[in-house]
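Chains, contacts and geometry: an overview
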Amino acid sequence: MTTAARTTIRIQTEDFDAGAEIAALHAGNPRVGAVCSFIGTVRGDAAGLSALELEHYPGMTERAIADMAAQAHARFGIEAALVIHRVGRLPLHAQIVMVAVAAPHRGAAFQACEFLIDYLKTQAPFWKKEHTPDGGRWVDARVADDAALARWGVDAPSMAM
């Protein structure tokens, strides 16, 4: 767990309780007038997805997320941010990620939450493997995710070697 500049980051195998996490995020802060959250889950698809496996580099992942949270604090003037990302093998419908933001006003909370999830999808060092009846396959980055990040004025990293 990392806590800095009113940011909490946890990379974990265990599930989380969204209600308890949101309550803790803004507890005791009278400046908070809005909380916005996003929870991503494992969804099925036409290929028969049965599970999603996520890997990361400990330390590197937390630092990358802390950098993006610092940008969210600077850009949107938020009071607090929370990023929980699960790793390991997760079955259908399992919670994968939670991003929550507390801010004085709803506009900043919505924007910061969306900024963080867009950034997380493209910049954080996570690797995903889909498991189907035909076996497993690593998931490539999606052009749509890069486009979502670009609207914030952030270029996606080049994957050229």
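Before any of the text, the structure's been laid out above.
Reading the values: rules and limits
- Each residue is numbered by its place in its chain's sequence as written, counting from 1.
- With the structure being a predicted model, the display of local features is reserved for residues of pLDDT at least 70 and the display and counting of side-chain atom pairs for 80 or more, all residues being used for whole-chain, interface and lining totals.
- Only heavy atoms go into the side-chain values, all of them from the structure, while hydrogens and water stay out.
- Three labels apply to residues, based on accessible area from a 1.4 Å probe with only protein chains included: buried if under 20% of the type maximum, exposed if over 50%, partly exposed otherwise in between.
- Comment: elements are numbered from the N terminus, with helices defined as DSSP H or I runs of at least four residues and strands as E runs of at least two.
- Paired strands, in this sense, are two strands between which DSSP finds at least two bridges.
- Under the rule applied, a polar contact is a pair of N or O atoms within 3.5 Å (in protein, one hydrogen donor and one hydrogen acceptor; residues adjacent in sequence only if both atoms are side-chain atoms).
- Geometry of aromatic contacts follows a simple scheme: Phe, Tyr and Trp rings, the Trp one being its six-membered ring, pair when their centres are within 6.5 Å, and the pair is stacked under 30 degrees between planes, edge-to-face over 60, tilted otherwise.
- Within this analysis, the arc is defined by the directions that extend from the helix axis to the C-beta atoms.
- Contacts are assigned to residue pairs with any non-hydrogen atoms lying within 4.5 Å of each other.
- When two cysteine sulfur atoms are found within 2.5 Å, that pair is recorded as a disulfide.

Bringing the pairing of strand β5 (residues 80-86) into the picture now. Of all 7 residues that make up β5, 7 are buried, and the element is covered over most of its length. Of the two faces of β5, the one lined by Ala 80, Leu 82, Ile 84 and Arg 86 and the one lined by Ala 81, Val 83 and His 85 are each fully buried. By the bridge criterion, 6 bridges tie β5 to strand β7 (residues 95-103) in an arrangement that is antiparallel. Across the sheet, residue Val 83 finds its bridge partner in β7, namely Val 99.

With respect to the helices, strands and loops of the structure, Thr 7 is situated in strand β2 (residues 7-12). A residue is classified by how much of its surface remains accessible, and Thr 7, at 5% relative accessible area, is buried. Here the side chain of Thr 7 touches His 73 through a polar contact of 2.8 Å, side chain to side chain.

With the rule as written, the count across this model stands at 3 aromatic pairs. With 5.1 Å between their ring centres and 80° between their planes, Tyr 57 and Trp 127 make a pair best called edge-to-face. Here the residue Tyr 57 occupies a position in the loop between β4 (51-56) and α2 (60-76), and Trp 127 occupies one in strand β8 (residues 126-132), the gap between them amounting to 70 residues. Since its relative accessible area comes to 49%, Tyr 57 is described here as partly exposed. Here a set of aromatic residues connected by ring pairs shows up, and it is made of Phe 76, Phe 115 and Tyr 119.

For helix α1 (residues 18-26), the full list of buried residues reads Ala 18, Glu 21 and Leu 25. Around the axis of α1, the buried residues are gathered within 65° of arc, so they sit on the same side. Elements in contact with the buried residues of α1: β2, β3 (34-41), β5 and β7. Positive phi appears at Gly 28, one or two residues downstream of α1, with a value of about 75°.

Now for the state of the cysteines. For the structure on display, the rule yields 0 disulfides. Looking at Cys 36, it has no disulfide partner, and the nearest cysteine sulfur is the one in Cys 113, 4.1 Å off. Taking relative accessible area as the criterion, Cys 36 reaches 12% and is therefore assigned buried. Residue classification places Cys 113 among the buried residues on the basis of a relative accessible area of 4%.

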